[in-house]
Amino acid sequence: MKIKVITLFASIGLVISCQDLEIDTSPVADYNLMFEYLNKDYAYRDAHAFTMDELKQKYQSDISDTPTTEKLAEIFLNLELNELKDPHVFFKDDTDLTKYANVVETNPLERDESLPLFDEIQIASSDHFYSHGVVRSDPTIGYIFINHYNQSVGGTSSLSIHPGVYRIEDIIDDLNARNVKSLILDIRSSAGGSGYIPRLIAEYFANSSSIYMIEYIPTESGFEEKRWALSPNRHAGFRSKSIVLLTNGNTCSGGEMFVLAMKVRAGTLHIGTFTKGCAGNVADKDFSNGWNLRITSSKTEMPDGTQYYKVGIKPDIEIRNDPDYGVSNRRDKILQHAIDELQN
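Residues numbered from 1 in each chain as written. Predicted model: local features only at pLDDT ≥ 70, side-chain atom pairs only at ≥ 80, totals over all residues. Heavy atoms only, no water.

**Student:** Tell me about the state of the cysteines, and please be specific about residues and values.
**Tutor:** Across all of its chains, the model carries one disulfide by this definition. Across the disulfide from Cys252 sits Cys278; the S-S distance is 1.9 Å. The sign of the S-S torsion, about -105 degrees, decides the handedness of the disulfide formed by Cys252 and Cys278: left-handed. One end of the pair, Cys252, is in the loop between strand E12 (243-247) and helix H6 (254-263); the other, Cys278, is in the loop between strand E13 (268-272) and strand E14 (282-286), with 26 residues separating them in the sequence. Accessibility expressed as a relative area gives 11% for Cys252, which makes it buried. (Disulfide = S-S within 2.5 Å. Helix = DSSP H or I, 4+ residues; strand = E, 2+ residues; numbered from the N terminus. Buried < 20%, exposed > 50% of the residue type's maximum accessible area, 1.4 Å probe, protein only.)

**Student:** Break down the pairing of strand E5 (residues 130-135) for me, with residues and values.
**Tutor:** Among the six residues that make up E5, six are buried, leaving the element largely enclosed by the rest of the structure. One ladder, built from five bridges, connects strand E4 (residues 121-126) with E5; its direction is antiparallel. Bridged to Gln122 within E5 is Val134. With antiparallel pairing between neighbouring strands as the criterion, E4 and E5 make up a hairpin whose turn holds three residues. For E5 and strand E6 (residues 138-146), the ladder comprises six bridges, and the chain directions are antiparallel. Within the sheet, the bridge partner assigned to Val135 lies in E6 and is Asp138. (Pairing = 2+ DSSP bridges.)

**Student:** I'd love a proper account of helix H1 (residues 27-40), names of residues and values included.
**Tutor:** Here H1 contains 14 residues, and its C-alpha end-to-end distance of 20 Å stays within 8% of the 20 Å for a straight helix at 1.5 Å per residue. All buried positions along H1 are accounted for by Pro27, Ala29, Asp30, Tyr31, Met34, Phe35, Tyr37 and Leu38. Of the surrounding elements, those touching the buried residues of H1 are helix H2 (52-65), helix H3 (69-84), strand E3 (90-91), E14 and strand E15 (292-296). (Expected span 1.5 Å × (residues − 1). Contact = heavy atoms within 4.5 Å.)

**Student:** An account of the sheet that holds strand E11 (residues 223-230) is needed here, citing residue identities and associated values.
**Tutor:** Overall, antiparallel pairing links the three strands, which are arranged E11-E10-E16 in an open sheet. Edge strands, defined here as strands with exactly one partner in the open sheet, are E11 and strand E16 (299-301). Strand-to-strand twist of the sheet, defined as the mean angle between neighbouring strand axes without regard to direction, takes the value 20 degrees. By the bridge criterion, eight bridges tie strand E10 (residues 210-218) to E11 in an arrangement that is antiparallel. In the strand pairing of E11, Pro218 is matched with Phe223. Packing against the sheet, H6 makes contact with E10, E11 and E16, and its axis sits at approximately 145 degrees to E10. (Axes fitted to C-alpha atoms, helices over the stretch in contact; angles between N-to-C directions.)

The structure is reproduced here in structure tokens:
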């Protein structure tokens, strides 16, 4: 593709030069761009049994022999589904590669990704960020389902924190007014978002100051370390009460950061299944053909150095719902075990 580049002298607006610049927008160029991103910006580039250069070499002849959009889509889907297998690396919703190629995921991880049905909960309110209420069989047990940690509502996004995030204060006030003695925090959603939002919410429940997560951000010479600390802050309400945290294979990204923050809190019990293993923060990368890739742009781990990348965070008590939950079976075994723990 030939693009005309015009250089201006900004202060007086004079045209200094005008020239044509060749920009390679071929499938081969986008293939090479993919591996520039993986080698430079992918935080887990060294966490695989192969290097990114070895992976590039593996598919090089395919794209060289057949430099088409269809072949590029096939290769990219294989990278996503069968090579990297990183739940944070995927082509975004506006980039549907399945229009060009059909690739089957081999050896997919089996996770319980069912959403709670709320049958056992008397729901008091529900919105973009939270649903809350009390357990029907025992109203002294409060319940909060966190649906989002991001700042995007209705397709819009802002650098500031959406006011809806702070509704957690109203929820805490409401549960205290109901004389709730303990709490279930349900994180079985696919919510993601900025690392600051999970920490902000966790501050309402924290009862001590501690490091809960370590993040490593890629630099030209290696990685820059960032230690995330949690302290009791904001509106008090459940600092000394027992809390049970529920997770499953839906719990991902920002949800996992919230889990890390809550697991350093005294008096918190983690029940359910392993989380999804969406470690780190993300960044979006563009290709010349308009495709958009989400990539893991930093690494995160537990304070003691334990990795949860692609593995997930292990619960204190592992309970799995039956495979037919939400289809022909409405018994939430994870939630019921949480109720039993708090009652005993």
